[in-house]
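Given next are the chains, with one letter for each unit.
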Amino acid sequence: MRAQQLDGDHGTAGTVTVLGQDSPLGAEVCRVLTAGGYLPGSAESRVSALIIASELAVPGGPLISRHRRRRGARQCCQFAAAARLARGRGASRLVGLSSAFIFGRHDHLGSDRSWLCGAPPETAQALAAEAAAETFAEFGGTSVVLRLGWTYGRADRLTRQILQAGARGWQLLDGPPGAYVPMVEISDAAAAAVAALSAPPGLYYVTDGHARNQRELAQIVQEGLGRELHTLADGRWGRGRLFGSSRLVDGSPFGAVTGWRPRFPDAAEQLGHLCRTFGDQP
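1. As for the overall build of the chain
And then number 1: A tally of helices and strands in the chain yields 8 helices and 11 strands.
And then number 2: Each of the 282 residues in the chain was classed as buried or not, and the buried ones make up 55%.
And then number 3: Once local pairs closer than 6 in sequence are excluded, the contacts in the chain between residues at least 24 apart make up 84%.
And then number 4: Of the accessible surface of the chain, which amounts to about 12400 Å², a share of 52% is contributed by carbon and sulfur atoms.

2. Structural notes on the pattern of salt bridges
And then number 1: For the structure on display, the rule yields 6 salt bridges.
And then number 2: One salt bridge connects R31 with E28, and the closest N-O pair in it is separated by 2.6 Å. Of this pair, R31 and E28 both sit in helix α1 (residues 24-35), separated by 3 residues, roughly a single helical turn.
And then number 3: Overall, the relative accessible area of 15% leaves E28 in the buried class.

3. Here we look at the nonpolar core
And then number 1: Among the nonpolar cores identified, the biggest contains 29 residues, and V29, L97, L146 and F254 are the most heavily contacted of them.
And then number 2: Of all the secondary-structure elements, those providing two or more residues to this core are β2 (15-20), α1, β4 (49-52), β5 (93-99), β6 (142-148), α5 (186-195) and β9 (202-206).
And then number 3: Each residue touching L146, except ones within four places of it in the same chain, is listed here: V95, G96, L97, S98, S99, A192, A193, A196, Y204, V206 and F254.
And then number 4: By size, the runner-up hydrophobic cluster in this structure holds 25 residues, among which are A165, L172, I220 and L271.

4. Re the packing of aromatic side chains
And then number 1: Under the counting rule described, the total for this entry stands at 5 aromatic pairs.
And then number 2: What links up through ring pairs into an aromatic cluster is the set F101, W150, Y152 and F243.

5. Quick word on the side chain of R247
And then number 1: Relative to the assigned elements, R247 resides in the loop between β11 (230-231) and α7 (252-258).
And then number 2: Within polar-contact distance, the side chain of R247 engages the backbone oxygen of F101 at 3.3 Å.

6. Details of the pairing of β2
And then number 1: Counting buried positions along β2 yields 6 of 6 residues, so the element is predominantly enclosed.
And then number 2: Relative to β4, β2 runs parallel, the two being bridged by 4 bridges. Across the sheet, the residue bridging to V18 is I51, located in β4.

7. Notes on the pairing of β4
And then number 1: Burial along β4 is two-sided: A49 and I51 facing one way and L50 and I52 facing the other are all buried.
And then number 2: Pairing of β4 with β5 involves 4 bridges; the strand directions are parallel. Across the sheet, I52 pairs through a bridge with G96, a residue of β5.
And then number 3: For the segment spanning β4, helix α2 (residues 62-88) and β5, crossover handedness is right-handed.

8. What to know about the packing of α2 against helix α3 (residues 124-138)
Any two packed helices are characterised by the angle at which their axes cross and by the distance between the axes.
And then number 1: Where α2 contacts α3, the axes come no closer than 8 Å and their chain directions differ by 30°. Of the possible angle classes, the one that applies to α2 and α3 is roughly parallel. Viewed along their axes, α2 and α3 form a crossing whose handedness is right-handed. For the pair α2 and α3, contact is made by R68, G72, Q75, C76, F79, A80, A83, R84 and R87 and by A124, Q125, A128, A129, A131, A132, T135 and F136, respectively.
And then number 2: Its residues assigned to classes, the contact of α2 with α3 shows 10 nonpolar, 4 polar and 3 charged.

9. Here we look at a positive patch on the surface
And then number 1: A cluster of basic side chains, namely R66, R70, R71 and R74, defines a positive patch on the protein surface.
And then number 2: Position of R70 relative to the elements: it lies in helix α2.

10. Some words on the confidence of the model for the chain
And then number 1: Scored by pLDDT, the chain comes out at a mean of 84, with 83% of its residues at no less than 70.
And then number 2: For residues 8-13, every residue scores under 50 in pLDDT, and the model assigns this stretch 11 contacts once sequence neighbours within four places are set aside.

11. Description of the environment of S48
And then number 1: Within the secondary structure layout, S48 lies in the loop between β3 (39-40) and β4.
And then number 2: A residue is classified by how much of its surface remains accessible, and S48, at 22% relative accessible area, is partly exposed.

12. Things to note about the side chain of T151
And then number 1: With respect to the secondary-structure elements, T151 resides in the loop between β6 and α4 (157-167).
And then number 2: Take T151: its relative accessible area is 10%, and that puts it in the buried class.
And then number 3: Other than its neighbours up to four places away in sequence, T151 contacts D156, V184, I186 and A189.

Quick notes on the rules
- Residues numbered from 1 in each chain as written.
- Predicted model: local features only at pLDDT ≥ 70, side-chain atom pairs only at ≥ 80, totals over all residues.
- Heavy atoms only, no water.
- Helix = DSSP H or I, 4+ residues; strand = E, 2+ residues; numbered from the N terminus.
- Buried < 20%, exposed > 50% of the residue type's maximum accessible area, 1.4 Å probe, protein only.
- Contact = heavy atoms within 4.5 Å.
- Areas by Shrake-Rupley, 256 points an atom, 1.4 Å probe, with all protein chains shown as cover.
- Salt bridge = Lys/Arg side-chain N within 4 Å of Asp/Glu carboxyl O.
- Core = buried A, V, L, I, M, F, W, Y, C linked by side-chain atoms within 4.5 Å.
- Phe/Tyr/Trp six-rings, centres within 6.5 Å; stacked < 30°, edge-to-face > 60°.
- Polar contact = N/O pair within 3.5 Å; in protein donor to acceptor, adjacent residues only side chain to side chain.
- Pairing = 2+ DSSP bridges.
- Right-handed = clockwise from strand over helix to strand, strands pointing away.
- Axes fitted to C-alpha atoms, helices over the stretch in contact; angles between N-to-C directions.
- Parallel < 35°, antiparallel > 145°, perpendicular 65-115°, else oblique.
- Left-handed = near helix turned anticlockwise from the far one by under 90°.
- Nonpolar A, V, L, I, M, F, W, Y, C, P; charged D, E, K, R; others polar.
- Patch = residues over 30% accessible without salt bridge, like charges linked within 9 Å, V, L, I, M, F, W, Y side chains within 5 Å.
- Lys, Arg positive; Asp, Glu negative; His and termini not counted.
- Charge placed at Lys NZ, Arg CZ, Asp CG, Glu CD.
- pLDDT = per-residue confidence, 0-100.

In structure tokens:
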């Protein structure tokens with residue numbers, strides 16, 4: 001785990017600490033913060049805000065899933081400790097980057113969060129980020145949780161796994177054809193994290209606003225790679241819990257309170273571009 005400190009010159013922004021593993025999303029958040037005028041700060045400086053980035057893990061078998069749940073439990077403790085430390089150093093706000101994949105079609109979104117224990121193991125880090133946000137709020141801070149759609153992009157590990165399999169002739173998006181997948185391009189997700197530094201406290205969904213079902217996404221991948229793909233008969237993927245449920249969420253409230261808008265409003269075009277140019281990248 002690595003924390004990167006970024007010092008901002010935007011009034012109340014102060015020093016923003018970006019915490020998490022060396023994930024593509026965390027790196028992109030740091031890039032967007034820097035492009036917005038934030039400068040690296042020292043680890044000893046007081047902080048005004050903490051951003052905890054998470055990412056979807058690549059699906060695995062039962063043993064890997066159990067390992068990820070145990071690792072997620074450890075990360076809950078680590079992220080909570082980081083939240084308490086940031087609050088002690090003067091942080092007034094925590095932004096937790098979670099995932100819209102933590103719930104399925106039959107889950108509810110009420111105040112009783114006990115159902116989260118049944119979330120897909122690939123979302124364990126996202127659950128840890130949400131737990132840290134709750135801890136931060138308990139210590140009197142302002143917490144904002146962003147449940148992101150699939151943060152697809154060239155650097156995203158899950159995206160690369162799907163495209164690498166496609167290059168070998170396998171279609172990993174083989175869940176129910178009508179199941180909807182919330183998505184947001186990775187740089188748009190990072191921009192949303194920065195926008196959340198001034199958002200009212202609460203939980204928000206962040207997507208490109210144009211949900212695609214798995215039939216459409218599978219067709220996009222096939223056409224982009226220029227070859228017919230064969231379904232991989234492996235329950236870790238489409239018939240697993242990550243892509244096995246339809247998830248339709250509303251991201252408009254976040255845009256309404258922050259003014260954030262995605263640069264890529266439809267995953268179809270951008271994902272197709274990634275597929276067409278995938279073989280050109282090292």
